[in-house]
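Residue-level structure breakdown
Below, each chain spelled out in residue letters.
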Amino acid sequence: MSFAVINPATEETIVTLDSAGIDETDAAVARAKAAYPAWRAVSPADRGRLLRRLATLVEEHHEELARIESQNVGKPIVGARGEVGMVADVFHFYAGAVDKKHGETIPVAGGIDLTFREPLGVVGLIVPWNFPLNISSWKLGPALACGNTVVLKPAELTPLSALRLAELALEAGIPEGVLNVVVGKGSVVGQRLVDHPDVAKIGFTGSTEVGRGVMQGAAATIKRVTLELGGKSANVVFADADLERAAAAAPYAVFDNAGQDCCARSRILVERSAYDRFAELLVDATRNVKVGDPADDATEMGPLISAAHRETVASFVDGKTLFTGAAPTGKGYWYPCTLVEATNDDRIARDEVFGPVAALIPFDDEADAVRIANDTPYGLSGSIWTQNGARALRVARALETGVLSVNSNSSVRVSTPFGGFKQSGFGRELGMHALDGYSEVKNVYYSTEG
Ligand code: NAD
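Residues numbered from 1 in each chain as written. Predicted model: local features only at pLDDT ≥ 70, side-chain atom pairs only at ≥ 80, totals over all residues. Heavy atoms only, no water.

A grouping of Ile106, Val108 and Tyr445 is seen on the molecular surface, where their side chains present a nonpolar patch of about 240 Å² in accessible area. Take Val108: it is sitting in strand 3 (residues 105–108). (Patch = residues over 30% accessible without salt bridge, like charges linked within 9 Å, V, L, I, M, F, W, Y side chains within 5 Å. Areas by Shrake-Rupley, 256 points an atom, 1.4 Å probe, with all protein chains shown as cover. Salt bridge = Lys/Arg side-chain N within 4 Å of Asp/Glu carboxyl O. Helix = DSSP H or I, 4+ residues; strand = E, 2+ residues; numbered from the N terminus.)

Take a look at the structure:
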């Protein structure tokens, strides 16, 4: 069956693709299985060389890949360029990391004990539509570096950059069958990867709801899983913060990628004594966010991914709206930057909106801030704004979340671990930690007696 890939800024069809079914998924798994023995036998340094060539090709095709991503996801071209730059950096990082992950020798009675890091086999990688190329690279880099072969399933809405990346991987010299891309529905292709007896692990990024099903499905074959799921992160602003700086940054912590960001700090918690002043500054900063044509270098926020998603986002805005920004009218799935005053019990503060809508919530003191920030089933990201260093560290230790920044919106860096607490998932991507998720420890006892 064929389906149209849409440009969300114009509602025009970019291309029509065939949707794969169970047979095509099984064929891709079989190709990956056949390629596995030879790929795991390639020395780590040589796998690193191939990944470095892929990184260089991504750099050489930087603008082309950024335009594919911008057109297919509706993300501003400047942001898309940054993301493609990160993709190249991720492949460079794992090219350099793979031969630096060593085993151990452990002294034991009667002999010596050795540990090895072995690849898992065929891994299924399932990614969402919001950062298609970036998140693919976070999984592909460590998976390929460790000697696994891969079946990658991009989201149906945004498959184009992954298909181009697979072509570049072949051009880089990564052997056929090592990296396979299957385009199709999550309920068909994704589910088949979860169920397939020859798939050893699922690296999944997506919603908590689908992730829960992936974990259940993986139980049947005791597959390994890494789950990077939803978030409802807090941006905690204390009265002793540099309020101008915090307010200037806050819109980009939630409206970046039109709010379709698992790390969106969509709950802005503000100390009551600074609430009115901060709200004023935040409205001014939000008014300045440039919404429009993603192909324009000046644009900071594009459209949402689809009409259906726009309806979901709109359904959250029923409280006290503090500010609604401007957005284009006519074709495209546009939605304005929106600030709503809320309590932490309101639906807008409980559920992931995944759109440019932020909830402002006052708090009384440090203990109240920590209580509210942790009062969520999620635990992915967050920020703390204060000029009191001791408080920053105290609150950072108290927050139940995997990734935090102090006086910054930053969430992801190539060399540092990324992942969630609680229902935001488990396992870590990026940095050296990701290599643990794509390899398994083997322990060998070697007798020195006789
Ligand atoms: P989604 O869960 O609907 O889909 C994610 C992927 O899973 C898609 O490729 C989809 O086709 C596939 N899928 C759907 N049903 C499946 C099934 N039954 N079995 C296997 N795969 C299936 O999520 P989405 O709407 O594409 O993305 C948005 C969500 O992703 C948000 O919740 C967001 O927070 C989350 N996200 C998390 C991170 C992170 O790193 N924690 C990063 C980006 C996005």
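With the rule as written, the count across this model stands at four aromatic pairs. Ring geometry for Trp129 versus Phe354: centroids 5.5 Å apart, planes at 80 degrees, classification edge-to-face. Separated by 225 residues along the polypeptide, Trp129 in the loop between strand 5 (122–126) and helix 5 (132–145) and Phe354 in the loop between helix 12 (347–350) and strand 14 (357–363) bring together distant segments of the chain. Looking at Trp129, the relative accessible area reads 17%, which means it is buried. Take Phe354: its relative accessible area is 17%, and that puts it in the buried class. With centroids separated by 5.4 Å and ring planes inclined at 70 degrees, the aromatic side chains of Trp138 and Phe418 adopt a geometry described as edge-to-face. Here Trp138 is found in helix 5, whereas its partner Phe418 is found in the loop between strand 16 (405–406) and strand 17 (425–426), with 280 residues between them in sequence. (Phe/Tyr/Trp six-rings, centres within 6.5 Å; stacked < 30°, edge-to-face > 60°. Buried < 20%, exposed > 50% of the residue type's maximum accessible area, 1.4 Å probe, protein only.)

On to empty space enclosed by the protein. Evaluation of the coordinates by the stated rule reveals three cavities of 30 Å³ or more. Here the largest cavity is characterised by a volume of approximately 100 Å³. Together, 17 residues line the largest cavity, and Ala234, Arg267, Ala373, Ser381 and Thr401 are the ones closest to its centre. Of the residues belonging to the lining of the largest cavity, the class tally is six nonpolar, seven polar and four charged. Looking at the second largest cavity, the residues that line it are Gly231, Lys232, Gly259, Asp261, Cys262, Ala264, Ser266, Glu352, Val353, Phe354 and Gly355. Here the residues of the lining of the second largest cavity are counted per class, giving four nonpolar, four polar and three charged. (1 Å grid on protein atoms, 1.4 Å probe; cavity = no way out; pocket = protein on both sides within 12 Å on 5 of 7 lines; lining within 4 Å. Points joined across faces, edges and corners; volume = space filled by probe spheres on them. Nonpolar A, V, L, I, M, F, W, Y, C, P; charged D, E, K, R; others polar.)

With respect to the helices and strands, the residue Pro417 is situated in the loop between strand 16 and strand 17. Overall, the relative accessible area of 35% leaves Pro417 in the partly exposed class. Residues Pro417 and Thr329 lie 88 residues apart in sequence; the distance between their C-alpha atoms is 40 Å. Excluding anything up to four places from it in sequence, Pro417 contacts Val403, Arg428, Glu429, Leu430 and His433. (Contact = heavy atoms within 4.5 Å.)

Attention now moves to the site of the ligand. Around the ligand, a shell composed of 27 residues is seen, among which Val127, Ser207, Leu229, Cys262 and Glu352 lie nearest. The contact in question runs from a nitrogen atom of the ligand to an N or O atom on the side chain of Gln191, over 2.9 Å. More than half of the atoms of the ligand fall within 2 Å of the grid points belonging to the largest pocket. Breaking the shell around the ligand down by element, the ones donating at least two residues are helix 7 (186–195) and strand 8 (199–205). Looking at which element gives the most residues to the shell around the ligand, the answer is helix 7, with four residues. Here the residues of the shell around the ligand sort into 14 nonpolar, nine polar and four charged. (Near = heavy atom within 4 Å. Polar contact = N/O pair within 3.5 Å; in protein donor to acceptor, adjacent residues only side chain to side chain. Sits in = over half its atoms within 2 Å of the grid points.)

Now for the layout of surface pockets. Space inside the largest pocket adds up to approximately 980 Å³. If you trace the largest pocket, you find 41 residues lining it, with Pro128, Trp129, Gly206, Ser207 and Val210 closest to the centre. Of all the secondary structure elements, the ones that give two or more residues to the lining of the largest pocket are helix 7, strand 8, helix 8 (208–219) and helix 11 (307–315). Looking at the lining of the largest pocket, its residues break down into 20 nonpolar, 15 polar and six charged. The volume enclosed by the second largest pocket comes to roughly 530 Å³. Along the walls of the second largest pocket sit 28 residues, with Glu83, Phe131, Asp256, Asp261 and Val412 positioned nearest its centre. Those elements that place two or more of their residues in the lining of the second largest pocket are helix 4 (77–97), helix 5 and helix 9 (243–254). Per-element accounting of the lining of the second largest pocket gives the leading share, five residues, to helix 4. The residue inventory of the lining of the second largest pocket, partitioned by class, reads 13 nonpolar, eight polar and seven charged. The residue makeup of the lining of the second largest pocket includes at least three contributed by each of domain 1 (2–229 + 424–447) and domain 2 (234–413). (Domains from an automatic or database assignment.)

Moving on: the pairing of strand 13 (residues 338–341). When strand 12 (residues 320–324) meets strand 13, the two strands line up antiparallel, connected through four bridges. By the bridge assignment for strand 13, Lys320 is matched with Glu341. In this structure, strand 13 lies alongside strand 14, joined through four bridges in parallel fashion. Bridged to Glu341 within strand 14 is Leu360. (Pairing = 2+ DSSP bridges.)

An order of 3-4-18 is seen for the three strands of this open sheet, with the pairing classed as antiparallel. Sheet topology places strand 3 and strand 18 (439–447) at the edges, where each strand pairs with a single neighbour. Geometrically, the sheet is characterised by an average inter-axis angle of 25 degrees between neighbouring strands, direction not taken into account. Two strands pair when backbone bridges link them, and strand 3 and strand 4 (residues 111–119) are joined in this way by four bridges, in the antiparallel orientation. Across the sheet, Pro107 pairs through a bridge with Ile112, a residue of strand 4. (Axes fitted to C-alpha atoms, helices over the stretch in contact; angles between N-to-C directions.)

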